[in-house]
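# Survey of secondary and tertiary structure
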Amino acid sequence: MPELTCTARRIGDLESRTEEYELTFSVEGGETKALEIKYQAARAYEINRGLDAAVETAREAISSADLDKRPTDESLAQFAWRALQSVKYEEGSPKTSALEL
């Protein structure tokens, strides 16, 4: 089964109230798609906007691999959110996660 991989890394000032992340999505045989997300944790609309952008970027990576798989927006948003949270305190170290398609 093909997998969607997401490499997340926290960027920017780690002491700031604004959290900044870099996400890259890829599927074997497809193009790597990158995205930067920036939000303040107290602003839910900024988090939702970032997750919506992550879902769109993940879909672009899936499409570039010519796959007919269509995971739900909810599953892609949860995947991206977990990836972000996994690197929140990693001080810039990247971490890669995978979602089976």
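What counts, and at which threshold
Residues numbered from 1 in each chain as written. Predicted model: local features only at pLDDT ≥ 70, side-chain atom pairs only at ≥ 80, totals over all residues. Heavy atoms only, no water. Pairing = 2+ DSSP bridges. Helix = DSSP H or I, 4+ residues; strand = E, 2+ residues; numbered from the N terminus. Axes fitted to C-alpha atoms, helices over the stretch in contact; angles between N-to-C directions. Contact = heavy atoms within 4.5 Å. Parallel < 35°, antiparallel > 145°, perpendicular 65-115°, else oblique. Left-handed = near helix turned anticlockwise from the far one by under 90°. Salt bridge = Lys/Arg side-chain N within 4 Å of Asp/Glu carboxyl O. Buried < 20%, exposed > 50% of the residue type's maximum accessible area, 1.4 Å probe, protein only.

Take the sheet that holds strand β2 (residues 18–27) next. Pairing in this open sheet of four strands is antiparallel, and the strands run β3-β2-β1-β4 from one edge to the other. Sheet topology places β3 (33–40) and β4 (95–100) at the edges, where each strand pairs with a single neighbour. Strand-to-strand twist of the sheet, defined as the mean angle between neighbouring strand axes without regard to direction, takes the value 25°. With eight bridges joining them, strand β1 (residues 3–11) and β2 adopt antiparallel strand pairing. Bridge pairing in β2 links Leu4 to Val27. Across the sheet, helix α1 (residues 44–64) touches β1, β2 and β3, and the angle it forms with β3 is around 175°.

Time to look at the packing of α1 against helix α2 (residues 73–86). It is the contact of α1 with α2, at a shortest axis distance of 9 Å, that shows an interaxial angle of 110°. By the angle class used here, α1 and α2 are roughly perpendicular. Between α1 and α2 lies a crossing whose hand is right-handed. Taking contact as the criterion, the partners of Ile47, Leu51, Ala54, Val55, Ala58 and Arg59 in α1 are, on α2, Asp73, Leu76, Ala77, Ala80, Trp81 and Leu84.

Turning our eyes to something else, we now look at the pattern of salt bridges. Evaluation of the coordinates by the stated rule reveals five salt bridges. Here Arg9 makes a salt bridge to Glu22, at a shortest N to O gap of 3.2 Å. One end of the pair, Arg9, is in strand β1; the other, Glu22, is in strand β2, and 13 residues separate them in sequence. Given the relative accessible area of 29%, Arg9 is considered partly exposed. The closest approach of N and O atoms between Asp73 and Arg59, which form a salt bridge, is 2.7 Å. Of this pair, Asp73 sits in helix α2 while Arg59 sits in helix α1; the two residues are 14 residues apart in sequence, bridging distant segments of the chain. Take Asp73: its relative accessible area is 46%, and that puts it in the partly exposed class.

In short, shape yes, function no, at least from these values alone.
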